[in-house]
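# Descriptive analysis of the structure
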Amino acid sequence: MSARALVQRFLSVTVMRVGIAMLNFGLFWVMSHRLGVSALGGFAWAMNLFFLLQALPLLGLQPHLTRSVAAQPGEAGGMARAALWFGLMPGVALAAAVVGYALWAGEPRWQVALSWLALALVPTVWTLAAEAVLVGRELLRAVVGVNLAESAWRVLAAIWLVAGDADLDAFMACFCAGRWLAAVAYALHPVLRGAWRPARWAAVQALATHTPTFLAITLVTALATRLDLLVLPSLVGVGAAGVYAAAARVNDAALLASTMMLVVVFPVLSRWFVHDRARFLTLMARTLRWALVLGVPAALIGMALAPWVVSWLYPPDLQGAAPVLQVLLLAAWWMTLDQLLSTAMLAAQAQRADLRCMLVGLGALVPLLVGLSLWQGAPGAAAALVLALTLRVLARLAWAQRALPVDGLLALAGRCLVAAAAALGVFAWAQAPHGVLIALLLGTLAYAAALPLVGGWTRWHAEDCRAAGQWWRARRQGGAA
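A short tour of the structure in this document, coming up.

Definitions and cut-offs
Residues numbered from 1 in each chain as written. Predicted model: local features only at pLDDT ≥ 70, side-chain atom pairs only at ≥ 80, totals over all residues. Heavy atoms only, no water. Helix = DSSP H or I, 4+ residues; strand = E, 2+ residues; numbered from the N terminus. Buried < 20%, exposed > 50% of the residue type's maximum accessible area, 1.4 Å probe, protein only. Contact = heavy atoms within 4.5 Å. Areas by Shrake-Rupley, 256 points an atom, 1.4 Å probe, with all protein chains shown as cover. Expected span 1.5 Å × (residues − 1). Bend = angle between axes of the 7 residues up to and from the residue. Core = buried A, V, L, I, M, F, W, Y, C linked by side-chain atoms within 4.5 Å. Patch = residues over 30% accessible without salt bridge, like charges linked within 9 Å, V, L, I, M, F, W, Y side chains within 5 Å. Salt bridge = Lys/Arg side-chain N within 4 Å of Asp/Glu carboxyl O. Axes fitted to C-alpha atoms, helices over the stretch in contact; angles between N-to-C directions. Parallel < 35°, antiparallel > 145°, perpendicular 65-115°, else oblique. Nonpolar A, V, L, I, M, F, W, Y, C, P; charged D, E, K, R; others polar. Phe/Tyr/Trp six-rings, centres within 6.5 Å; stacked < 30°, edge-to-face > 60°. Lys NZ or Arg CZ within 6 Å of the ring centre and 35° of its normal. Left-handed = near helix turned anticlockwise from the far one by under 90°. Polar contact = N/O pair within 3.5 Å; in protein donor to acceptor, adjacent residues only side chain to side chain.

## Re the overall build of the protein
Looking only at helices and strands, the protein features 18 helices and zero strands. Out of the 481 residues belonging to the protein, those deemed buried represent 52%. Taking contacts inside the protein between residues at least 6 apart in sequence as the whole, the part at least 24 apart equals 80%. Total accessible area computed for the protein in this model is approximately 21,200 Å², and 68% of it derives from carbon and sulfur atoms.

Here it is as structure tokens:
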């Protein structure tokens, strides 16, 4: 793939992710000014329940589909048909289970809203299959257009909710309609036409053989990323859960850059692992070493901006989200590494190792979330997420050091953690008496001083800097000539 093509695809995903993030945040912003803190916590709970369940109808096979289509583009139509027919029964069964819970076990005020949510899971079977196939074919513009249109529809529904004094049931009906319209839009794409025809039974069976590992990865990933917002209302109350959700929504924006790049890079890495293993290993080694070193300064900048961002975005009753956001921004650093390593694992067909690492993080998250949230409320829940994610990334780094192999990753991570602890300690100490700008300056200086002292600045970083300097000088001399 040429650099120009890679940049074009990255820009397509950038438009999609930034647009969706802005629209989703607009939705949350409208709700935060329309609903009280407690009702906002309930709305966040309902939406996170959907996002927890939406990956399940296809039993987690989206990465396998993307990887397979990237390796065999000519089989895209057949794989889409197989995925649709494979996922219909689990999708309908899941929707029926949600309706059953809403009618017989859930709170009466949630029965209609959860029923609409359940109905939205049925077309999600097709949208999951279609998006996996189109990403594998690197046809990102269609995915961009459909996702942006559906997100805009949700925001318009929220504005209508505010203007017309409609209730949450009406919003969930519009949400469900948007899901069905997105499914129809994908069905009209030239690559996916005819996907409603019966699939070859052998292709459906081939998908079934990969289900156990990918389903387990999907379940564990969904729980690890959504468990906090699902259980916090029970642990600390819906008010504190609303404050936490406000901070989490801003933190999601901090993950945009890494998520966008990995959507583009995953099919490329899958090809490189098969056809150019040396190139794959060189890219992974360099990226991991620099990501470990550069994450802390970026997190410190975000922590300094957090109080201003929260005060600008939210009403007064949500200003408690600022300290929560400062803690969550540390998770953004580790999440970038986690996404990169998870992408490398799937490209290397090491999904079982991916599952083991996810289980490490989930096993740590549950007791940490219960203990720290009961102790410190929403900031404690954010700290639990950061600690569990740190353990998960360390497990992934151990795999990369052993399987790729990339020497010295665990040792480098440990040294960066020591330097990060020094920087964060200085930042926390200086923030209250001196303000966030002085705290940012002192924390960054502390990190810059501690990193070489503990050995976090390695010969690999120095060699990369020298190579970059030589390239820049050669380019300037060539331009002058």
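Moving on from the coordinates now.
## Examining helix α5 (residues 111–136)
Its 26 residues give α5 an end-to-end C-alpha distance of 38 Å, which sits within 8% of 38 Å, the value for a rise of 1.5 Å per residue. In α5, a bend of some 40° at Pro123 exceeds every other bend along the element. Of all 26 residues in α5, 20 are buried, a share of seventy percent or more. Among the residues trailing α5, Glu138 stands out with phi positive, at a value near 60°.

## Some remarks on the nonpolar core
By size, the foremost hydrophobic cluster in this structure holds 89 residues, and its most contacted members are Tyr244, Leu288, Leu292, Leu328, Trp399 and Tyr447. Every element with two or more residues in this core is listed here: α9 (211–236), α10 (238–254), α12 (277–313), α13 (321–347), α14 (351–376), α15 (378–403), α16 (409–434) and α17 (436–454). For this core, the element with the highest residue contribution is α13, accounting for 17 residues. Ignoring sequence-local partners within four residues, the contact set of Tyr244 consists of Asp228, Leu229, Leu232, Val324, Leu328, Ala378, Ala381, Ala382 and Leu385.

## A short note on a nonpolar patch on the surface
Nonpolar side chains collect at one region of the surface, where Trp429, Ile438, Leu441, Leu442 and Leu445 lie side by side and expose about 500 Å² of accessible area between them. Top contributing element to the nonpolar patch by residue count: α17, with four residues. Locating Ile438 in the fold gives a position in helix α17. Judged by relative accessible area, Ile438 falls into the partly exposed class, the value being 39%.

## Let's talk about the environment of Ala95
Topologically, Ala95 is positioned in helix α4 (residues 76–104). For the pair Ala95 and Leu121, spaced 26 residues apart in sequence, the C-alpha to C-alpha distance is 6.0 Å. With residues up to four places along the chain from it excluded, the contact list for Ala95 reads Ala118, Leu121 and Val122.

## What about the packing of α12 against α17?
Packing of α12 against α17 leaves a shortest axis separation of 9 Å and a crossing angle of 170°. Relative to α17, α12 is oriented roughly antiparallel. Packed against α12, whose contacting residues are Leu292, Val293, Val296, Pro297, Leu300, Ile301, Ala304 and Pro307, the element α17 presents Val436, Leu440, Gly443, Thr444, Tyr447 and Leu451 at the interface. Taken together, the residues of the contact of α12 with α17 sort by class into 12 nonpolar, two polar and no charged.

## With respect to the packing of aromatic side chains
In this structure the tally under the stated criterion is three aromatic pairs. A ring pair is formed by Phe50 and Phe175, whose centres lie 4.8 Å apart and whose planes are at 90°; its orientation type is edge-to-face. Highlighted residues: Phe50 in helix α2 (residues 37–53) and Phe175 in helix α7 (residues 168–187), separated in sequence by 125 residues. Across the pair, Phe175 and Phe50 agree in class, each one buried. The lysine or arginine in question, Arg289, covers the ring of Trp460, its NZ or CZ lying 3.8 Å from the ring centre.

## Details of the pattern of salt bridges
Enumeration according to the criterion identifies seven salt bridges in this entry. The residue Glu463 makes a salt bridge to Arg459 at a minimum N-O spacing of 3.9 Å. With Glu463 and Arg459 both in helix α18 (residues 459–480) and four residues apart, the pair spans about one turn of that helix. Each member of the salt-bridge network shares a partner with another, and the members are Asp338, Asp354, Arg392 and Arg396.

## With respect to the packing of α5 against α7
Close contact between α5 and α7 brings their axes to 8 Å; oriented N to C, the two are set at 20°. One way to sum up the angle between α5 and α7 is to call them roughly parallel. When you trace α5 past α7, the crossing you get is left-handed. The residue makeup of the contact of α5 with α7, split by class, is 20 nonpolar, two polar and three charged.

## A few points about the environment of Ala55
With respect to the helices, strands and loops of the structure, Ala55 is situated in the loop between α2 and α3 (62–71). Note on Ala55: relative accessible area 18%, which makes it buried. Along the backbone, Ala55 and Ala222 are 167 residues apart, and their C-alpha atoms lie at a distance of 8.1 Å.

## Comments concerning the side chain of Thr458
Inspection of the secondary structure assignment puts Thr458 in the loop between α17 and α18. For Thr458, a relative accessible area of 12% gives the class buried. A distance of 2.7 Å separates a polar atom in the side chain of Thr458 from a polar atom in the side chain of His461.

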